[in-house]
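Each chain, written out:
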Amino acid sequence: MANRGARVALLGGMSGQASGGTSAPVELDTLGLISRGVVIRGMPGLDHAHLVPEAHREIGRGLRDGTLTFPHATLTGIERAPQALNELLEGRHVGSVLVEL
């Protein structure tokens, strides 16, 4: 669960995009989000394409210094890559799915 007052940017929707759809449903604990004052905002990349270079710099800085985190699942071993892709497309994870080699 997010910290009190957290701000969350929603980017992408791979499970919906890969299936040719226009939605990527996800379950959220709305009571938990509301009670903690969490702000969620969708960020369509095409609306701000000119800011991509700056975003890459700022996101990189935040990840390096620990002020920015993102949810992810890690599967170990190249043999699990097909499983990782299937789980991503099924929407079984929030955030990124990484395959550690």
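Residues numbered from 1 in each chain as written. Predicted model: local features only at pLDDT ≥ 70, side-chain atom pairs only at ≥ 80, totals over all residues. Heavy atoms only, no water.

Student: How would you sum up the overall build of the chain? Please name residues and give values.
Tutor: Each helix and strand counted, the chain has 4 helices and 4 strands in total. Starting at the N terminus and walking to the C terminus, you meet the elements of the chain as β-α-α-β-α-β-α-β. Among the 101 residues that make up the chain, the fraction classed as buried is 15%. Taking all contacts inside the chain whose residues are at least 6 apart in sequence as the whole, residues at least 24 apart take part in 61%. Surface accessibility of the chain: about 8,000 Å² in total, with carbon and sulfur atoms responsible for 57%. (Helix = DSSP H or I, 4+ residues; strand = E, 2+ residues; numbered from the N terminus. Buried < 20%, exposed > 50% of the residue type's maximum accessible area, 1.4 Å probe, protein only. Contact = heavy atoms within 4.5 Å. Areas by Shrake-Rupley, 256 points an atom, 1.4 Å probe, with all protein chains shown as cover.)

Student: Report on the pattern of salt bridges, specifying residues and quantitative values.
Tutor: One pass over the structure, following the stated rule, counts 4 salt bridges. Across the pair Glu58 and Arg61 runs a salt bridge, and its minimum N-O distance is 2.9 Å. Of the two residues, Glu58 and Arg61 are both situated in helix α3 (residues 52–65); the distance of 3 residues between them amounts to about one turn of the helix. Here Arg92 and Glu87 are joined by a salt bridge, their closest N and O atoms 3.5 Å apart. The exposure class of Arg92 is exposed, given its relative accessible area of 54%. Among the charged side chains, a salt-bridge network with shared partners connects Glu58, Arg61 and Asp65. (Salt bridge = Lys/Arg side-chain N within 4 Å of Asp/Glu carboxyl O.)

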